[in-house]
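# Survey of secondary and tertiary structure
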Amino acid sequence: MELAMVRDSIVPLTQLDPVYLDRGTFFGDGVYEVVRSYRGRLFALTEHLERFERSQREIALRLTDTAELRRRIERAFAEAGLPEAAVYFHLTRGSAKREHTWPEGLEPSFFLTVTALPDTAGIKEKGVAVATHPDWRWKRCDIKSLNLLPNILAKQAANARGCFEALLVDEQGRITEGASSAVLAVVGDALVTRPLGPEILPSITRHFVLRLAERAGLTVVEKPFTPAEAVAADELLLAVTTKDVVPVVSVDGRPIADGRPGPRTRRLAAEFAELAGA
Ligand code: PDD
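Presented here is a report on the structure given in the accompanying data block. (Residues numbered from 1 in each chain as written. Predicted model: local features only at pLDDT ≥ 70, side-chain atom pairs only at ≥ 80, totals over all residues. Heavy atoms only, no water.)

### Section: the site of the ligand
Among the 19 residues in the neighbourhood of the ligand, the closest are listed as Y32, E177, S203, T205 and T241. In this structure, an oxygen atom belonging to the ligand sits 2.5 Å away from a side-chain N or O atom of Y32. Spatially, the ligand is embedded in the largest pocket. At the level of elements, β3 (30-38), β9 (175-178), α6 (204-212) and β13 (235-240) are the ones that each hand at least two residues to the shell around the ligand. (Near = heavy atom within 4 Å. Polar contact = N/O pair within 3.5 Å; in protein donor to acceptor, adjacent residues only side chain to side chain. 1 Å grid on protein atoms, 1.4 Å probe; cavity = no way out; pocket = protein on both sides within 12 Å on 5 of 7 lines; lining within 4 Å. Sits in = over half its atoms within 2 Å of the grid points. Helix = DSSP H or I, 4+ residues; strand = E, 2+ residues; numbered from the N terminus.)

### With respect to the pattern of salt bridges
Taken as a whole and assessed by the stated rule, the structure comprises 27 salt bridges. Between R137 and E177 there is a salt bridge, with its nearest N and O atoms 2.8 Å apart. Note that R137 is positioned in the loop between β7 (128-134) and α5 (149-160) and E177 in strand β9, a separation of 40 residues in sequence. Here E271 ties to R267 by a salt bridge, and the two come within 2.9 Å at their closest N and O atoms. Note that E271 and R267 are positioned in helix α8 (residues 263-276) at a spacing of 4 residues, about one turn of the helix. The class for E271 is buried, based on a relative accessible area of 9%. (Salt bridge = Lys/Arg side-chain N within 4 Å of Asp/Glu carboxyl O. Buried < 20%, exposed > 50% of the residue type's maximum accessible area, 1.4 Å probe, protein only.)

### Structural notes on the nonpolar core
Judged by nonpolar contacts, the single largest core of 22 residues is most densely connected at L191, V209, L237, L268 and F272. For this core, the elements supplying multiple residues, two or more each, are β10 (182-187), α6, β13 and α8. Among the elements that line this core, the one with the most residues is α6, at 5 residues. Residues within four places of L191 in sequence aside, it is in contact with L184, A185, V186, V209, L210, A213, L218, T219, V220, V221, L237 and L268. L238, V248, V251 and I256 belong to the second-largest nonpolar core, a separate cluster that totals 19 residues. (Core = buried A, V, L, I, M, F, W, Y, C linked by side-chain atoms within 4.5 Å. Contact = heavy atoms within 4.5 Å.)

### Some words on the packing of aromatic side chains
Enumeration over the complete set of coordinates arrives at 7 aromatic pairs. Each residue in the set Y38, F43, F208 and F272 is aromatic and connected to the rest through ring pairs, giving one cluster. The ring of F110 carries R72 above its face, with NZ or CZ at 5.0 Å from the centroid. Its guanidinium or amino end placed over the ring of F164, K155 lies 5.5 Å from that ring's centre, counting from NZ or CZ. (Phe/Tyr/Trp six-rings, centres within 6.5 Å; stacked < 30°, edge-to-face > 60°. Lys NZ or Arg CZ within 6 Å of the ring centre and 35° of its normal.)

### Some thoughts on unusual backbone geometry
The backbone of R39 sits at a positive phi, close to 50 degrees, despite the residue not being glycine. With respect to the element layout, R39 can be found in the loop between β3 and β4 (41-43). Judged by relative accessible area, R39 falls into the exposed class, the value being 61%.

And the structure:
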């Protein structure tokens, strides 16, 4: 008899809840998104759904109708009644006996949570420390896939060093992005960030921050930079959906400028808050 063991219970395979055979669990075979709300309104849902559709295509997942996904997300968000919420959702390729190749006609499996977002006023006010870590990820980081082992190991290591985020560093010694955020630097009147490509996620927060640069008196320069250049920058910041603009005040224990959030970052955060209706 084919069987599974769930904790200490033996279950015939034919009676097993298919959730245990989810390819997301076996292989990280799926894609996800995180969207947030400000004051009861979801921000940039269209952009997140567009990126989600692209992620599905890039891993040859059977496409789930975007209008249907939007309905599910809006329904769950309304039901939760949380004004400042994170909506996490993923699609895996579905459930099947563990085999690397997937069978034809598998039904993708959708999962979503709505959770309350913690207040970020403190980290925005004080800024955060970050630590560098080698970028151990694969060569398609532009896909928002469920494979996050290198990201979580890097962030855990940074946390163990008292840091909020890990800055991932590629084999050429240049920062790719944060373990779960985009990274930008202010150098003079330039807002510098790595150009989009397979090494980084096309961050939606980064996209909006770049659009707001002009309002903060900054010109966008898309080029990679090293940790040493990050430390020498006038200001450093992270961009991520759940916290939008977060000032960075030190890298590996070395302070950026006077070790306090700078004026350009504050301005970008204020502009972003206005745009998002925070
Ligand atoms: N992470 N880069 C990586 C590797 C990320 O995981 C994220 C977001 C970002 C920022 O992207 P955006 O601005 O679109 O949120 C950049 C999400 C929030 C997460 O994994 O929880």
